[in-house]
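Structure at a glance
Letter by letter, the chains look like this.
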Amino acid sequence: MMVAKQNITFEVYRYDPDMGREPRYDSYQVPIEETTTVLEALYYILERMDGSLSFRSSCRSAVCGSCAMFINGMNRLACRTQIVALNSREVRIAPLPHLPVIKDLVVDMAGFWEKYERVRPYLVTTVASPDKEWLQSEEERRAIEEAIDCILCACCHSSCTMSWWDKGYLGPAALLKAYRFVADSRDQAGLERLRLVANEDGVFRCHTIFNCTEDCPKGLSPTFAIQELKKRVLWKKLTFQM
Amino acid sequence: MIYHQVIVVGGGLAGLRAALEAAPQVDTAVLSLVHPVRSHSGAAQGGINAALANMEACKDDNPEKHAFDTIKGSDFLADQDAVEIMTREGPACIIELEHWGVPFSRTPQGKIAQRPFGGAGYPRTCYAADKTGLYILHTMYEQVVKCGVRVYDEWAVLSLIRDGDTCRGVVAMHLPTGQIEAFQAEAVIFATGGAGRIYSNSTNSHICTGDGMFIAYHAGVPLKDMEFIQFHPTALLRTNILITEGARGEGGYLVNRLGERFMEKYAPKAMELAPRDIVSRSIQTEINEGRGFEDGCVHLDLRHLGREKILERLPGIRAIAMDFAGVDPIEKPIPIHPGQHYTMGGIDCNYHGETVLNGFYAAGECACVSVHGANRLGGNSLLETVVFGKLSGARAAEFVRGKASSQGDAKAVERALARVVAETEKLRSADGNEDPVSLRLEMQKTMADKVGIFRTKQELAEGLAAIQALQKRYREIRLNGRQKRFNLDLLRSWELKGMLDLSEAVVAGALAREESRGSHSRTDFPKRDDVNWLKHTLAFHTPAGARLGYKPVTITRFQPEERKY
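Attention in this report is confined to the structure presented alongside it. No experiment lies behind these values; they were computed from the predicted model shown.

Some words on the overall build of chain A
- In terms of regular secondary structure, chain A is built from ten helices and seven strands.
- Across its three principal axes, chain A shows a C-alpha extent of roughly 60 × 40 × 30 Å.
- In chain A, the proportion of contacts linking residues at least 24 apart, taken out of those at least 6 apart, comes to 66%.

Things to note about helix α12 (residues 411–428) of chain B
All names here are of chain B.
- Between its terminal C-alpha atoms α12 stretches 26 Å, which fits the 26 Å expected from 18 residues at 1.5 Å a residue.
- Residues of α12 that are buried: V413, A416, L417 and V420. Down the axis of α12, the smallest arc covering the buried residues is 100 degrees, so these residues share one side. Counted as exposed and oriented over 90 degrees from the buried face of α12: K411, A422, E425 and K426.
- In this fold, the buried residues of α12 make contact with β8 (155–163), β9 (166–174) and β10 (180–184).

Examining the nonpolar core
- Ranked by size, the top nonpolar core spans 258 residues in total, and within it A:L175, B:V188, B:I189, B:L236 and B:I347 carry the most contacts.
- Sorting elements by how many residues they give to this core places helix α15 (residues 488–512) of chain B first, with 13 residues.

Some thoughts on the interface of chain A and chain B
- Taken together, the contact between chain A and chain B spans 39 residues of the former and 42 residues of the latter.
- Elements with a contribution of two residues or more to the side of chain A that touches chain B: α1 (38–49), β6 (101–103) and α4 (138–142) of chain A.
- Of the residues that constitute the side of chain A that touches chain B, the class distribution is 15 nonpolar, twelve polar and twelve charged.

As for the packing of helix α5 (residues 211–218) of chain B against α15(B)
Residues and elements named next belong to chain B.
- Running from N to C, α5 and α15 point in directions that differ by 75 degrees, and their axes come no closer than 9 Å. Between α5 and α15, the crossing angle belongs to the class labelled roughly perpendicular. On α15, the residues that touch D211, M213, F214, I215 and Y217 of α5 are E495, G498, D501 and L502.
- Grouping the amino acids of the contact of α5 with α15 by side-chain chemistry returns five nonpolar, one polar and three charged.

Here we look at the sheet that holds strand β3 (residues 68–71) of chain A
Residue and element names in this part refer to chain A.
- Taking strand neighbours across the sheet as the criterion, the five strands line up as β2-β1-β5-β3-β4 in an open arrangement whose pairing is mixed. In this open sheet, the two edge strands, each paired with only one partner strand, are β2 (24–32) and β4 (74–77). Mean inter-strand twist for the sheet, computed between neighbouring axes without regard to direction, equals 35 degrees.
- Bridge analysis of strand β1 (residues 6–14) against β2 gives nine bridges, and the strand direction is antiparallel. Opposite I8, over in β2, you have V30 as the bridge partner.
- In the packing of α1 onto the sheet, contacts are made with β1, β2, β3 and β5 (90–94), and the angle to β2 comes to roughly 105 degrees.

Calculation rules
- Residues numbered from 1 in each chain as written.
- Chains lettered and ligands numbered in written order.
- Predicted model: local features only at pLDDT ≥ 70, side-chain atom pairs only at ≥ 80, totals over all residues.
- Helix = DSSP H or I, 4+ residues; strand = E, 2+ residues; numbered from the N terminus.
- Contact = placed C-beta atoms within 7 Å.
- Expected span 1.5 Å × (residues − 1).
- Buried ≥ 20, exposed ≤ 12 C-beta atoms within 10 Å, placed from the backbone.
- Arc of directions from axis to C-beta.
- Core = buried A, V, L, I, M, F, W, Y, C linked by C-beta atoms within 7 Å.
- Nonpolar A, V, L, I, M, F, W, Y, C, P; charged D, E, K, R; others polar.
- Axes fitted to C-alpha atoms, helices over the stretch in contact; angles between N-to-C directions.
- Parallel < 35°, antiparallel > 145°, perpendicular 65-115°, else oblique.
- Pairing = 2+ DSSP bridges.

Quick look at the structure:
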């Protein structure tokens, strides 16, 4: 079914700290078709209406994680959000909430990456590697199937209410990364991984509000991963292994 | 001014691999236009080739057979010594990736699983579902974090610093602030990716604008074999998003409007798994001759694979087909057509990444070693990034260790910085009558229409004239974004100049090459001509445009033969 061309009003957050003006929303009328995405509309604005607009994008196929932004009340990837599916005459776009704004829709991700680095985000092996690959059964591989799909777009990080008020909280993306290695049959970091997250800035700060899971554009559940980590931590504590 | 012994430009797989090799030996930093995990390597889907012989069906495979398939796939334009090195290094590089944590899909015995790919004699493509590039890129970045390699992200490199015949560093702009800075170095490695976005119908990310290629070209380093542009057979209708060759590797069919598996006419043995140049020409022929569907596509049909296999092996392209074409491949065929996908050509270098400029190296898609010749096999680009990333990183580190530091002499660096700052400010305030967006669209359409899958002298001549006219009009452009911070208009307008020059090199090479070889298919010269054209094209940048030269192909033990599949 083809939807006839129509004009949609885009309200886009604008802010350039160099200009000494308060943030504002600019309004643009963009003609769209059935399949037009929010990212395509932003390019339309940049190319034909306002060359000073700033936003991040790259792959336009929901794999690079660049274009996460706050679109009609939810964190989404602009590239995989079809405007018709928003079912609204108006599209309101703001930068990811609770992150410092560099310009317009571009946010400062330094805090996000700092948390990522805190969970030792790499495979740790303690015994000598074999000449060939580490063997891993298909079933063991399935245990990490979901966690490895994270594209680090920060939709979850920015929607997590616990991350808003506790700046030290690792947050859903870093904890999902931690779980990715805890669940990997090849990883030999053992208890050390759990110690990194078994504290008030780690898994126990999660209050299972599920914002992260709801906003994940890849359909992942950081909440599930965090609960799995909690379970493992609890078991180790209860059995005096930790 | 910032100083590192080695500066790697590009945060994709080739760049990160180069940095991981050099960093333990010498002070190394990575400059990247985007955060490394945003790089286009992450969009690679189907897999990475290496003769691991991990499955019953490929137990007789070996690097030599991999080399032969690659060379035959290249239509004998690849340099055979480089191909042999790549295929020999392949298995160890894959094992290294696995040891770093890449979550490869597994065989029932727990080994790295391998799937069939186009032009390969055995299932040789190691894969991780259909998100192999994403997983390798994230794993490689994890290693960069582990090793503490310094990464400067969101820095757009604007120029090489050249001091006589020596490279002294780069000048770059920090996008978030607009600040322009010189990075002095003893060695610079470019791993900046391809130039797909000179075409309107590219599968590539928005960032694939060929920056490193044209920066090197403008600095006097020749480009090689630029006329060889790969069109991937299966780009999604409308958006041109890649649908992996792995879909055919897993058994997918290509079907025309009449319901025919038409590949049996073109490649009766290999069918859908013929090399990409052949499959793309076949699809385009079906469409041109009226056997495509009405919106100019054919169908990639996966339904017979069944729900379970699609969910396990091809979940990524299922999501893409659903999100961007409204089609669930479990229930309906995917509408596809060929789309620009890869630049076989690039910065002229050898298998150490060395170029004509001392201390300047290239690796990955921006480089032309050449291992892909006139047509790259699927699964060989990821392999190229890790093998030649590693080798160029090693060679650059060796070069730096063997020379005296030039940190005290900054004259050339300061001159370059002053020049780039002046040029950038001039561009920022450009106030002519030409809209850079229109020029960009015209360039992309010209390349797609005149320099596409099938080429003729007349169309190429028209294309060259059109690109040259755009180059003239570029001098009169007008910018709309004038701010310092994250100025996309400035970045894109600056890139446009280089993209036009790259386009010119592509068309000029294609117009001159009067034969058909691999991806370069001249309907007016339908045969390969080894007597006159078994040679690499070189393009040199001059004020008057691209000047062409040629150099021989290295042949070791595989004599050119007819390509049949």
